[in-house]
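# Observations on the model geometry
The residues making up each chain are set out below.
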There are 2 protein chains.
Amino acid sequence: MTASDERPRHERLPEPTLRRLPWYLAYLKLIRGRGETVVSSTRIGEETGVTPVQVAKDLSYINISGKTRVGYEVDALVGILDDFLGFSHAHRALLFGVGQLGAALMRDAGLGQYGLDIVAGFDVRPELVGTEIEGIPVYHIDDLPDRCPTLDATIAVITVPVEEAQRVTDQVLACGIRALWNFTPFRIRVPHNVVVQNTSIYANLAVMFNRLNSLTTR
Amino acid sequence: MTASDERPRHERLPEPTLRRLPWYLAYLKLIRGRGETVVSSTRIGEETGVTPVQVAKDLSYINISGKTRVGYEVDALVGILDDFLGFSHAHRALLFGVGQLGAALMRDAGLGQYGLDIVAGFDVRPELVGTEIEGIPVYHIDDLPDRCPTLDATIAVITVPVEEAQRVTDQVLACGIRALWNFTPFRIRVPHNVVVQNTSIYANLAVMFNRLNSLTTR
């Protein structure tokens, strides 16, 4: 297996590739846990529902190639993918809206393992402000401008109610953050040089209901 | 505004349309809350970052058309979209893996409003089995075959650890459930007549990190 030192870390990969790489990684970690040391693209493909050709192509984007008739070294591939996907580097994040979902994200140790380090929560509810969740402080949103410089975060996680989504977005942008992870079903508006990742749980639900209906009426 | 009685509820809509409809709905509910009664496709488009032509086209898929120079009636459009997207009909669901995310989904009243009614949780941890979360019972996974017929669910929510994902999937399929909402980063394997909706939070994170890197090195 080879991985160039000058691999194009910051190239804009095709999004479908970027979405498949974590599947490969999850599978590789699984078999690493079982003590396996080498794996073929055929097997990665079978286990993740992707053609072997596509697997090899996806991995070649990050300058990884398997050895003929041997395959990929599992442990090295896990390390390269973790690194490439940004999971091995801690990205400091602020979370806005400490409700059910927000609090669950703050408690989720998994996010830390995947490179997201939530360093503070913000809310307006008096019963939450001043408390801590898993050692992470919750501040009042009005304190954001003062706290922003020292918190030194690059990402905002938005888990506020829909009607607050745009206002909070504007406050986040004013404090210089340029990447927003939006869990609300609201389509927040941002300048073109800001990254928004939408993870609307309810939109996924709509897709699933529609597919289920297609299935039951077929 | 017109909405035919014979609108093609179960047609397989283009997925991009299906993903935009909840944005429109979230926006419409927002302005309904402010007392607005009519809205144009231009304004829906501006507020959701979609071209007005695309908005009109997306809505025409569900046989909704606005009145010339008047636009859409907000309240009626909310009702039609809620209904079309499956949010107004309660879909009974079982949740597997009552960890941080699983428990948060069980507590999230929002899911009920969006048509997902989680009626039971399943886990293996003795400290969880036999408890309730917001009145929803948590059972042992070994009791699934016995409980499945009376629980009468059509959807399974999968929030177990990666290494359990496929085994739980197989157990769920054995009890006749044909729609799975997979929150794990593992690519579960199912027969072709089963619906899987993947909502991998970590995959979204990878996409965001990559975009953020492109931004900071541009």
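Everything numeric in this text was worked out from a predicted model, so none of it was measured.

## Comments concerning the overall build of chain A
Per the secondary structure count, chain A includes nine helices and eleven strands. With respect to the three principal axes, the spread of C-alpha positions in chain A is 60 × 50 × 35 Å. Out of the 218 residues belonging to chain A, those deemed buried represent 54%. In chain A, once contacts between residues fewer than 6 apart in sequence are set aside, the share between residues at least 24 apart is 61%. Carbon and sulfur atoms make up 49% of the accessible area of chain A, which amounts to about 9,600 Å² in all. Distance between charge centres in chain A, computed from 22 positive and 25 negative side chains, equals 8 Å.

## Describing the UniProt feature "domain: CoA-binding" (unreviewed entry) in chain A
Those places that UniProt annotates as "domain: CoA-binding" (unreviewed entry) correspond, in this numbering, to residues 87-187 of chain A. The straight-line gap between the two end C-alpha atoms of residues 87-187 of chain A is 26 Å; of that span, 34% is helix and 29% is strand.

## Description of the UniProt feature "binding site: NAD(+)" (unreviewed entry) in chain A
Residues and elements named next belong to chain A. Mapped onto the present numbering, the UniProt feature "binding site: NAD(+)" (unreviewed entry) falls at Gly97, Val98, Gly99, Gln100, Leu101 and Gly102. For Leu101, the location among the structural elements is in helix H5 (residues 100-107). When near neighbours in sequence (up to four residues on either side) are disregarded, Leu101 contacts Thr159, Phe183 and Ile201. Within the secondary structure layout, Gly102 lies in helix H5. If sequence neighbours within four positions are ignored, Gly102 has contacts with Leu95, Gly97 and Thr159.

## What about the domain arrangement of chain A?
Split into domains, chain A comes out as domain 1 (15-84) and domain 2 (91-203). The straight-line distance from the C-alpha centre of domain 1 of chain A to that of domain 2 of chain A is 32 Å.

## Quick word on the packing of aromatic side chains
Applying the stated criterion across every chain yields a total of twelve aromatic pairs over all chains. Each ring, one from A:Phe209 and one from B:Phe87, has its centre 6.4 Å from the other, and the planes form 70°; the classification is edge-to-face. With A:Phe209 in helix H9 (residues 201-216) and B:Phe87 in the loop between helix H4 (74-84) and strand E5 (91-96), the pair connects residues from two separate chains. Relative to B:Phe122, the ring of B:Phe96 has its centre 5.1 Å away and its plane inclined at 10°; by these criteria the two rings are stacked. With a gap of 26 residues between them, B:Phe96 in strand E5 and B:Phe122 in strand E6 (residues 116-123) connect regions that are remote in the sequence. We note A:Lys29 situated over the ring of A:Tyr114; from NZ or CZ to the ring centre the distance is 5.0 Å. Sitting above the plane of the A:Tyr139 ring, A:Arg147 keeps its charged end 3.7 Å from the centroid.

## What to know about the interface of chain A and chain B
The partner chain B presents 66 residues to the 67 residues of chain A that form the contact. Across the interface of chain A and chain B, roughly 6,500 Å² is buried in total on both sides, 67% from carbon and sulfur atoms. Run the count over chain A and chain B and you get four salt bridges. Put simply, A:Arg189 and B:Glu47 hold a salt bridge, and the shortest N to O gap is 2.8 Å. Put simply, chain A and chain B have 14 residue pairs in polar contact (both at pLDDT 80 or more) between them. Going through the elements one at a time, helix H1 (15-33), helix H2 (41-48), H5, helix H6 (109-113), helix H8 (162-174), strand E10 (179-182), strand E11 (195-198) and H9 of chain A are the ones with two or more residues in the side of chain A that touches chain B. If one sorts the elements of the side of chain A that touches chain B by residue count, H9(A) sits on top with 15 residues. Among the residues making up the side of chain A that touches chain B, the classes are represented as 34 nonpolar, 18 polar and 15 charged.

## Details of the environment of A:Gln166
All names here are of chain A. Within the element layout of this structure, Gln166 appears in helix H8. A relative accessible area of 13% means that Gln166 is categorised as buried. Residues Gln166 and Val138 lie 28 residues apart in sequence; the distance between their C-alpha atoms is 20 Å. Not counting residues up to four positions away in its chain, the partners in contact with Gln166 are Phe186, Ile188 and Arg189.

## Thoughts on the sheet that holds strand E7 (residues 132-133) of chain B
Residues and elements named next belong to chain B. Reading across from one edge, E7-E8-E6-E5-E9-E10-E11 is the order of the seven strands in this open sheet, with mixed pairing throughout. In the strand order of this sheet, the two ends are held by E7 and strand E11 (195-198), each with one partner. As paired elements, strand E9 (residues 155-158) and strand E10 (residues 179-182) share four bridges and run parallel to each other. When the bridges of E10 are listed, Ile155 appears paired with Ala179.

## Quick notes on the packing of H1(A) against H2(A)
Residues and elements named next belong to chain A. Packing of H1 against H2 leaves a shortest axis separation of 10 Å and a crossing angle of 105°. Comparing the axis directions of H1 and H2 gives the class roughly perpendicular. Residues Trp23, Tyr24, Tyr27, Leu28 and Ile31 of H1 form the contact with H2, whose participating residues are Arg43, Ile44, Glu47 and Thr48. When its residues are assigned to classes, the contact of H1 with H2 shows six nonpolar, one polar and two charged.

Rules behind the numbers
- Residues numbered from 1 in each chain as written.
- Chains lettered and ligands numbered in written order.
- Predicted model: local features only at pLDDT ≥ 70, side-chain atom pairs only at ≥ 80, totals over all residues.
- Heavy atoms only, no water.
- Helix = DSSP H or I, 4+ residues; strand = E, 2+ residues; numbered from the N terminus.
- Buried < 20%, exposed > 50% of the residue type's maximum accessible area, 1.4 Å probe, protein only.
- Contact = heavy atoms within 4.5 Å.
- Areas by Shrake-Rupley, 256 points an atom, 1.4 Å probe, with all protein chains shown as cover.
- Lys, Arg positive; Asp, Glu negative; His and termini not counted.
- Charge placed at Lys NZ, Arg CZ, Asp CG, Glu CD.
- UniProt positions renumbered as here; feature names shortened; annotations may be inferred.
- Domains from an automatic or database assignment.
- Phe/Tyr/Trp six-rings, centres within 6.5 Å; stacked < 30°, edge-to-face > 60°.
- Lys NZ or Arg CZ within 6 Å of the ring centre and 35° of its normal.
- Buried area = accessible area lost by both parts, 1.4 Å probe.
- Salt bridge = Lys/Arg side-chain N within 4 Å of Asp/Glu carboxyl O.
- Polar contact = N/O pair within 3.5 Å; in protein donor to acceptor, adjacent residues only side chain to side chain.
- Nonpolar A, V, L, I, M, F, W, Y, C, P; charged D, E, K, R; others polar.
- Pairing = 2+ DSSP bridges.
- Axes fitted to C-alpha atoms, helices over the stretch in contact; angles between N-to-C directions.
- Parallel < 35°, antiparallel > 145°, perpendicular 65-115°, else oblique.

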